[in-house]
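# Working through the structure, step by step
Here are the chains, one letter per residue:
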Amino acid sequence: MSADVRSTDPELAELLDLELKRQSQTLALIPSENHVSAAVLAASGSVLTNKYSEGYAGRRYYEGQQIIDRIETLAVDRAKALFGVDHANVQPYSGSPANLAIYLAFLEPGDTVMGMALPMGGHLTHGWNVSITGKFFRSVQYVVERETGLVDFEKVRELALKERPKLIFCGGTAIPRTIDFAAFRSIADEVGAILVADIAHIAGLIAGGAHPSPVSYVDVVSTTTHKTLRGPRGAMLMAKTEHARKIDSAVFPGLQGGPHNHTTAAIAVALHEALQPSFKDYAHQIVANAKALADTLLAEGFDLVTGGTDNHLILIDLTNKEIPGKAAAKALDKAGLVANYNTVPYDPRRPFDPSGLRIGTPAVTTRGLREPEMRMIGRWMSQGVEAAKARDDTRLGQIRDEVQELAGTFPLPGA
Ligand SMILES: *Cc1c(COP(=O)(O)O)cnc(C)c1O
């Protein structure tokens, strides 16, 4: 931790130290989280935070852009090379504003958007009713099947033909299986809709060749940069050339002001890392780890939505374990295993206290854990859930000690 923060603001410095310790001593199983490299951390904590640069490279509204233009161009070029896209915009502040920019680019208020319902695994910004995207636009939502947990494309097609959305989102936040972009493309074509793949969760898997790419099927790709892609908190929009101007002017001046140049630089570093051969190993190891963890959980009697996983994410339905998701997540947090409670499809419980637990392997894979450690985590989760039901805090403390010992042998990359 920087000595400068300690001398200026000891109170905050202590909190930074405590968070570093918390991350070091626990295992992050939240599928949207990761641990960035020291290089990404350094770029995002740089003097670039001092600079205003509204506009785009070569077309700025402020002077002094000699270096900033080169940095943003580097990030854009790397994004284009990594994902094989015509156009990339690296300025969106995060995934939610990136998605909002897509609405601004292609829809008028009141137009119809179609996305996966939030409790089925979609994202708030795909038209869920509490989001601006569900309030200012007419939203229709597709679901997954009760029996399989999977999308029935014939039903999605019927919904699209009936409601005629102008914009269709595929992708989400709690989808444990490979997304069939081609199937969404044919539906979008039938109704003449713009198709967006929101790959926020799986961007790193796609970059590393561990999930099919949507690029040849969709009009726009939206992604965060901080999940499996392992960059700073930020986002990118990628599109075919024909949509480039619409996307760019929606991000700025449509929705945002000055880009966060320190984030842009850190995105450039993360993309450079993702272009290295070792990133492919990381991406495939994430999936191998998730499968190993899923197998252990199944052997421990857990019920997994869709029966398993193809990617980095596992959605557990705890109904048969007779413990709600929130109680399980809180107990596992005490045991040093940090997860999040989540709705499962057709959840009979309320969203703030649902039946599910959502876990994932990106962060632990980054730390270097592999299949043998996944089996340990699966067994600890099972023991933790039993301890929670028995209100056995002593046992949770013992698991925490074991987790901490393991975590100690896999240091954080950026620490
Ligand atoms: C995380 C996520 C977002 C939003 O990202 P924020 O950076 O949290 O705003 C959007 N879409 C999907 C599918 C996501 O998983």
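Residues numbered from 1 in each chain as written. Predicted model: local features only at pLDDT ≥ 70, side-chain atom pairs only at ≥ 80, totals over all residues. Heavy atoms only, no water.

With 16 residues, helix α16 (residues 393-408) extends 22 Å from end C-alpha to end C-alpha; this agrees with the ideal 22 Å at 1.5 Å per step. For α16, the complete set of buried residues consists of Leu396, Ile399, Val403, Leu406 and Ala407. All buried residues of α16 project into a common sector of 95° when viewed along the axis, lining one side. Of the exposed residues in α16, the ones pointing more than 90 degrees away from its buried face are Thr394, Asp401, Glu405 and Gly408. (Helix = DSSP H or I, 4+ residues; strand = E, 2+ residues; numbered from the N terminus. Expected span 1.5 Å × (residues − 1). Buried < 20%, exposed > 50% of the residue type's maximum accessible area, 1.4 Å probe, protein only. Arc of directions from axis to C-beta.)

Strand β15 (residues 356-360) sits mainly inside the fold: 5 of its 5 residues count as buried. Judged from the 5 bridges that link them, strand β12 (residues 313-317) and β15 form a sheet pairing that is antiparallel. By the bridge assignment, aspartate 317 is partnered in β15 with glycine 356. As judged from the 3 bridges shared by strand β14 (residues 340-342) and β15, these two strands associate in the antiparallel manner. When the bridges of β15 are listed, tyrosine 341 appears paired with leucine 357. (Pairing = 2+ DSSP bridges.)

Quick look at the sheet that holds strand β7 (residues 167-170) now. On the basis of which strands lie adjacent, the open sheet formed by 7 strands has the order β4-β10-β9-β8-β7-β5-β6 and mixed pairing. Lying at the two open borders of the sheet, with one neighbouring strand each, are β4 (87-89) and β6 (138-142). Strand-to-strand twist of the sheet, defined as the mean angle between neighbouring strand axes without regard to direction, takes the value 20°. As judged from the 4 bridges shared by β7 and strand β8 (residues 194-198), these two strands associate in the parallel manner. (Axes fitted to C-alpha atoms, helices over the stretch in contact; angles between N-to-C directions.)

A few words on the site of the ligand. Of all residues adjacent to the ligand, which total 13 residues, the nearest are Ser94, Ser96, Asp198, His201 and Lys227. Within the side chain of serine 94, one N or O atom sits 2.4 Å away from an oxygen atom of the ligand. Within the side chain of serine 96, an N or O atom sits 2.7 Å from an oxygen atom of the ligand. In isolation the ligand exposes 390 Å². Once the protein is present, 86% of that is buried. A per-element tally of the shell around the ligand places helix α5 (residues 95-106) first, with 3 residues. Within the shell around the ligand, the residues separate by chemical class into 1 nonpolar, 10 polar and 2 charged. (Near = heavy atom within 4 Å. Polar contact = N/O pair within 3.5 Å; in protein donor to acceptor, adjacent residues only side chain to side chain. Areas by Shrake-Rupley, 256 points an atom, 1.4 Å probe, with all protein chains shown as cover. Nonpolar A, V, L, I, M, F, W, Y, C, P; charged D, E, K, R; others polar.)

On to the packing of helix α12 (residues 277-299) against helix α15 (residues 371-389). Interaxial distance between α12 and α15 falls to 8 Å at its minimum, and their mutual angle equals 40°. Considering how the two elements wind past one another, α12 and α15 form a crossing that is right-handed. Mapping the contact onto sequence places Gln285, Ala288, Asn289, Ala292, Leu293, Thr296 and Leu297 in α12 and Glu371, Met374, Arg375, Ile377, Gly378, Arg379 and Met381 in α15. For the contact of α12 with α15, the per-class residue count stands at 7 nonpolar, 4 polar and 3 charged. (Left-handed = near helix turned anticlockwise from the far one by under 90°. Contact = heavy atoms within 4.5 Å.)

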